[in-house]
Amino acid sequence: MINIMYLVLTAMLALNVSAEILNAFNIVNSSIETSNTSITGKNNDTYAAFEQKMTEDAAKAGPFKQKAEQVKAASAEMYTFLDSLKERIVRESGGRDEFGELKSKDNLDAPTRVMENQKQGPLLEQKLTELRGKLLTYVEAKDKAKFEKSLPLHIEIGKAHGSHGPAKDWTSYHFNMVPTIAAVTILSKFQNDIKNSESLII
């Protein structure tokens, strides 16, 4: 449902940047962040189950727990990097008010400056691609094809263009001249993909 809302808003964004659309992105971003907190709790329950199994049969559970901890660490590192990008864009756009709200939700320059001019977009694309590849190494060979299709973290390259004009690269497609709140929502969406992928793998 969250992904559908995100796609609808992105399509609307291409037509018009109104206050209503900016507020809608704010609502979707809050929903995604709530979902991320919920998935984190679910994943923590799974990690706790690994701890419990260790007390019952350490020899059997140990190798699985070790792999799960590696997945947790890799996912957490990427999640933190995305948080840092969100805050960097927010700072570039003018920061937050006393209520924690973005001062300039409609700022188009900050995402472009951070993600394109400062080359954080290509770095993010590389890191997300590497994380996806790493997560798939924990899948048994017989199941890999299925997981390659179902893993939520998926970086599409080659579809990032419209029917008119030259094709855009991944960074331009996601972050070129989009409002700050939209860029933050996109990054939250990738965090959601990471949490769901982590859940699926562990």
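Note that this is a predicted model, so its numbers are computed, not measured. (Residues numbered from 1 in each chain as written. Predicted model: local features only at pLDDT ≥ 70, side-chain atom pairs only at ≥ 80, totals over all residues. Heavy atoms only, no water.)

Caption draft 1: The packing of aromatic side chains, seen in detail. Taken as a whole and judged by the stated rule, the model has two aromatic pairs. Consider the rings of Trp-170 and Phe-175, whose centres lie 6.2 Å apart with planes at 65°: the pair is edge-to-face. For the pair Trp-170 and Phe-175, a shared accessibility class is recorded, and that class is buried. Consider the rings of Trp-170 and Phe-190, whose centres lie 5.6 Å apart with planes at 35°: the pair is tilted. In this pair, Trp-170 sits in helix α7 (residues 170-175) while Phe-190 sits in helix α8 (residues 180-201), placing the two residues 20 residues apart along the sequence. (Phe/Tyr/Trp six-rings, centres within 6.5 Å; stacked < 30°, edge-to-face > 60°. Buried < 20%, exposed > 50% of the residue type's maximum accessible area, 1.4 Å probe, protein only. Helix = DSSP H or I, 4+ residues; strand = E, 2+ residues; numbered from the N terminus.)

Caption draft 2: Quick peek at the side chain of Lys-195. By secondary structure assignment, the location of Lys-195 is in helix α8. Sequence-distant contacts of Lys-195, defined by excluding residues within four places in its chain, comprise Asn-36, Ile-39, Thr-40, Asn-43 and Tyr-79. (Contact = heavy atoms within 4.5 Å.)

Caption draft 3: Examining the pattern of salt bridges more closely. For the structure shown, the criterion picks out 12 salt bridges. Note that Glu-92 and Arg-113 form a salt bridge whose closest N and O atoms lie 2.8 Å from each other. Taken together, the positions of Glu-92 in helix α3 (residues 58-93) and Arg-113 in helix α4 (residues 109-117) put the pair 21 residues apart, joining distant regions of the chain. The partner of Lys-142 in a salt bridge is Glu-140, with the nearest N and O atoms 3.8 Å apart. For Glu-140, a relative accessible area of 51% puts it in the exposed group. A cluster of three or more residues bridged by salt bridges with shared partners is formed by Glu-33, Asp-83 and Lys-86. (Salt bridge = Lys/Arg side-chain N within 4 Å of Asp/Glu carboxyl O.)

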